[in-house]
Amino acid sequence: MITSKPFTDSDTNGRMRRKLLNKTLWLYLSYAIVIVTAASIGFYFFLRNLYSEEVLEHLYHEKTTILKDPSINTSNVAEWNKRNSLFKLIPSEKEIPERFYRAFYLDQNEGEMVPFMVLDSPIRINEKHYTLRLRASLLENEDLIESILLVFTLLLIALLGGIIFITQLVSRKLWKPFFQTLEQLETYEINRKMEVRLPNTSTEEFQRLNATVEELIRKNSLIYNDQRQFIENAAHELQTPIAILSSQLNLLSQSEELTEQQALLIENMEVSNRRFQHLNKNLLLLSKLESDSSEKEPVNLTELLEKYLELLQDAFGFSDITIRPQIQQNVVVLANSFALSSLIENLISNALKHNYEGGIIEIELTEKQLIIRNTGAPHPLNTEQLFRRFQPSSATGSGLGLSIVKKISDQHLWTIEYVFQDKKHVFSLLFSSAN
Amino acid sequence: MKCLIVEDELVLAQSIQDYLKQHDFVCELVSTTQTAIEKIELHQYDCVLLDLALPDGHGFDVIRHSKQQRMDHGIIIISAKENLDSRIEGLQLGADDYLTKPFHLSELLVRIQALVRRKQFQGQNDSVFNEIVFNLLTKRVTVNDTVIDLTKKEFELLTFLIGNNGKVISKSAIAEHLSGDMADLFDNYDFVYAHMKNLKKKLVAAGANDYIKTVYGLGYKWQDA
């Protein structure tokens, strides 16, 4: 099941799913990170100010107490200063304005510099100007920051974990029908008469998706079938006029007083008619192959090939093309014998037609594969278009041969491959599902 | 010999008639199953050429009828349907041969001849053309009572040519006759020429007349000098 595949999955489904997940996940995650960070910073400053105000208030209160203290006079300032570590009376030239600020002082207990809130206020003792400096440690403030950070980090982790978990859950549960539909579509082939069973779902969007997809498939198979039917009918209807043309030409060539020129005209017409006939036959074959999933039976491929080889030896015993068969005995494949014959015929025919004088055809058959190698054009064929319809590589070909080969090999779940190797064109048919 | 052509394409039926006429076949043309059945009930035929898709029914009805009535004419189906199933069904019903349209008239002729020969003599007899005698069953060929050794293809070629005595036969018709369905394998018919040359050489060497004529641009012809 696609939905249970791990994140690291590298196939198409996995990538698609990761993308979709990541998109929502990243959005949620970045939003959460921004909010939590901003909140912790804001909260920190808010709390710090609150605390500073508290400390300052405390300092003002102290100041008021000290100012009211009658025991302080110029003579005991030094002693008073010694008694109070946090309050100092500093003599000054003139009266300074009252101010407060933050500063670092060495803390005796901690042995390090710690932040303090400082309040300087002018004071007059015995008509002399003094500055009363009051301090209060802000050390607890730092503890506060630590606590806040801890709390917010925990919050962030909980939030992120929650988001990831929920996204997973969403993808697994909510998106399940979507991936089931996707899976169905990926295996769907229009030329196979296959049922598409889309899952039932209570999600409205997926219901719509499934309904649309079902309608699309229904319409397209209808159009596809119409078209296939049309090709089949057209090809069938063409058979009779071709037959008439052919018989008329037969009769015409029996005429007693034909000039050379007329004979040549008749010959050209016959050649064209044969091409026409051949093309039509292939069209019929193609539409037939697309329409039915014919029954398969064990076919002795060795015997079939030898039948062709006999004919080839017979036909090419006189020509310069050398045929080198290497055929394993009793190779039996599960196939539709009619289709298999067409396939072999087309492959061998290609190897012959695109060859040159003195060329070679190698035919190799094992239980796993059929390989046909032939000499021919000195450059590799265009593999992208090779198996498509009406991509003839020669003026005389119908352009249907290899698409028939491909179609048949697809129907049998075989693999047809082409490579250009050692100046030979190599077609390999792999019976991957053959028994 | 009498032949009934059941075919709704009149032009095609007529060209078959024309071609067969010169080989001592008397042909009658009908275009429906109904008239075909009437004809075979009234007359004795050696061979029935039967199209399957007819305006008033399927050609198989004619086969069924003639088999029920135990008629002994041969039946060759000529159909535009290149379809293994209908071929098998037709032959199972009792047709003797099946030819897919389009076909060469020369091919049709030798099929009819082979069929008639099978029906009349069970293929046992020797066929004679002047000094040449051949037996379809044993594949033995003699020229002036001397046995000549022909390959399988050369024998097929010989009987095809003699069967179409006096007719121009195109190279493609010969190629198809020799290679059956596999004629499409070939782009050119050089092998026809090669077989023809060998056959000619063997016949002449054995003292036969040179009956094989090359007709420029069209093919070959077996001609009684």
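Everything here concerns the structure above.
Reference entry: report on the structure contained in this document.

Reading the values: rules and limits
As a convention, each chain's residues are numbered from 1 in the sequence order in which they are written. The naming scheme follows written order: chains are lettered A onward, ligands numbered 1 onward. Where local features are concerned, this predicted model is filtered to residues with pLDDT of at least 70; where side-chain atom pairs are given and counted, the filter is 80 or more; whole-chain, interface and lining totals use all residues. The side-chain numbers reported here are obtained from all heavy atoms of the structure, hydrogens and water having been left aside. Put simply, DSSP H or I for four residues or longer makes a helix, DSSP E for two residues or longer makes a strand, and each gets a number counted from the N terminus. Relative accessibility thresholds used throughout: buried, under 20% of the residue-type maximum; exposed, over 50%; partly exposed, between the two (1.4 Å probe, protein chains only). It only takes one pair of heavy atoms within 4.5 Å for two residues to be counted as in contact. All accessible areas in this document rest on Shrake-Rupley with a 1.4 Å probe, and a residue is counted as covered only by the protein chains that are shown. Polar contact criterion, stated in full: a pair of N or O atoms within 3.5 Å, where within protein one must be able to donate a hydrogen and the other to accept it, and residues adjacent in sequence count only if both atoms are side-chain atoms. Strand pairing is assigned whenever DSSP identifies at least 2 bridges connecting the two strands. Lines fitted to C-alpha atoms define the axes here, with helix axes fitted over just the stretch in contact, and angles between the N-to-C directions of these axes take values from 0 to 180 degrees. The rule for a salt bridge is simple: a side-chain nitrogen of Lys or Arg has to be within 4 Å of a carboxyl oxygen of Asp or Glu. An angle counts as roughly parallel when it lies under 35 degrees, as roughly antiparallel when it exceeds 145, as roughly perpendicular when it falls between 65 and 115, and as oblique in every other case. Patch membership is restricted to residues that have no salt bridge and whose relative accessible area is over 30%. Joining uses 9 Å for like charges and 5 Å for the nonpolar side chains Val, Leu, Ile, Met, Phe, Trp and Tyr. Only four residue types enter the tally: Lys and Arg on the positive side, Asp and Glu on the negative side, with His and both chain ends excluded. Every charge is mapped onto a representative atom, which is NZ of Lys, CZ of Arg, CG of Asp or CD of Glu. When two components associate, each loses some accessible surface as probed by a 1.4 Å sphere; the sum of these losses over both components is called the buried area. Any residue outside Ala, Val, Leu, Ile, Met, Phe, Trp, Tyr, Cys, Pro, Asp, Glu, Lys and Arg is labelled polar, Gly included; the first ten of those are nonpolar and the last four are charged.

The next subject is the overall build of chain B. The helix and strand inventory of chain B stands at 8 helices and 14 strands. Per-residue burial over chain B gives 54% buried out of 225 residues. Across chain B, the fraction of contacts at a sequence separation of at least 24, relative to all contacts at a separation of at least 6, is 59%. By element, 47% of the accessible surface of chain B is carried by carbon and sulfur atoms, the whole surface being about 9900 Å².

With respect to the helices, strands and loops of the structure, Ser15 of chain B is situated in helix α1 (residues 10–21). Judged by its relative accessible area of 1%, Ser15 of chain B falls in the buried class. Of note is the side chain of Ser15 of chain B, whose polar atom sits 2.9 Å from the side chain of Ser247 of chain A. Only 3.5 Å separates the side chain of Ser15 of chain B from the side chain of Gln248 of chain A, close enough to count as a polar contact. Not counting chain neighbours up to four residues away, the residues in contact with Ser15 of chain B comprise Ser247, Gln248 and Leu251 of chain A together with Leu105 of chain B.

Residues and elements named next belong to chain B. If you trace the 3 strands from one edge of the open sheet to the other, you get β12-β14-β13, paired in antiparallel fashion. This sheet does not close on itself; its edge strands, each paired only once, are β12 (168–170) and β13 (212–215). The sheet shows a mean angle of 35 degrees between the axes of neighbouring strands, taken without regard to direction. Pairing between β13 and strand β14 (residues 219–222): 4 bridges, direction antiparallel. Within β14, the residue paired with Lys213 across the bridge is Lys221. Against the sheet, helix α6 (residues 152–163) touches β12, β13 and β14, its axis set at about 70 degrees to β14. Sheet strands touched by helix α7 (residues 171–179): β12 and β14. Its angle to β12, the strand with the most contacts, is close to 70 degrees.

The next subject is the pattern of salt bridges. By the definition in use, this model includes 21 salt bridges over all chains. Ionic pairing is found between Arg99 of chain A and Asp120 of chain A, a salt bridge with its closest N-O pair at 3.3 Å. Placement of Arg99 of chain A in strand β2 (residues 99–106) and of Asp120 of chain A in strand β3 (residues 113–125) is noted, with a sequence separation of 21 residues between them. Arg99 of chain A sits in the partly exposed class, given a relative accessible area of 44%. Lys2 of chain B serves as the salt-bridge partner of Glu28 of chain B, at 3.9 Å between the closest nitrogen and oxygen. Remark: Lys2 of chain B occurs in strand β1 (residues 2–6) and Glu28 of chain B occurs in strand β2 (residues 26–30); sequence separation between them is 26 residues. Owing to a relative accessible area of 19%, Glu28 of chain B belongs among the buried residues under this scheme. When its relative accessible area of 25% is taken as the criterion, Lys2 of chain B is described as partly exposed. It is possible to trace a salt-bridge network through shared partners that takes in Arg324, Glu362, Glu364, Arg373 and Lys424 of chain A.

This paragraph deals with the packing of α7 of chain B against helix α8 (residues 190–205) of chain B. All names here are of chain B. Remark: α7 packs on α8, axes separated minimally by 9 Å, with the N-to-C direction vectors making an angle of 80 degrees. Classed by the angle they form, the pair α7 and α8 counts as roughly perpendicular. On α8, the residues touching Lys171, Ile174, Ala175 and Leu178 of α7 are Phe191, Val192, His195 and Met196.

All names here are of chain A. Judged by side-chain charge, Glu112, Glu140, Glu142, Asp143 and Glu146 come together as a negatively charged surface patch. Mapped onto the fold, Glu142 is located in helix α3 (residues 139–174). For Glu142, a relative accessible area of 42% puts it in the partly exposed group.

Many authors give the size of an interface as the accessible area that is lost as the parts come together. Contacts between the two partners involve 40 residues from chain A, matched on the other side by 39 residues from chain B. Counting each side, the surface lost to burial between chain A and chain B is near 3700 Å², with a carbon and sulfur contribution of 61%. For the chain A face of the interface with chain B, the top three residues by lost area are Gln254, Arg274 and Leu311 of chain A, together amounting to 16%. Note that Lys152 of chain B is salt-bridged to Glu310 of chain A, the shortest N-O span being 3.8 Å. Run the count over chain A and chain B and you get 7 residue pairs in polar contact (both at pLDDT 80 or more). Those elements that place two or more of their residues in the side of chain A that touches chain B are α5 (204–252), α6 (260–291), α7 (301–316) and α8 (337–353) of chain A. Here the residues of the side of chain A that touches chain B sort into 16 nonpolar, 13 polar and 11 charged.

A few words now on the environment of Leu159 of chain A. Residue and element names in this part refer to chain A. One can find Leu159 in helix α3. For Leu159, a relative accessible area of 38% puts it in the partly exposed group. Separated by 126 residues in the primary sequence, Leu159 and Ile33 have C-alpha atoms spaced 9.1 Å apart. In contact with Leu159, not counting residues within four places along its chain, are Ala32 and Val36.

In short, geometric facts, not functional conclusions.
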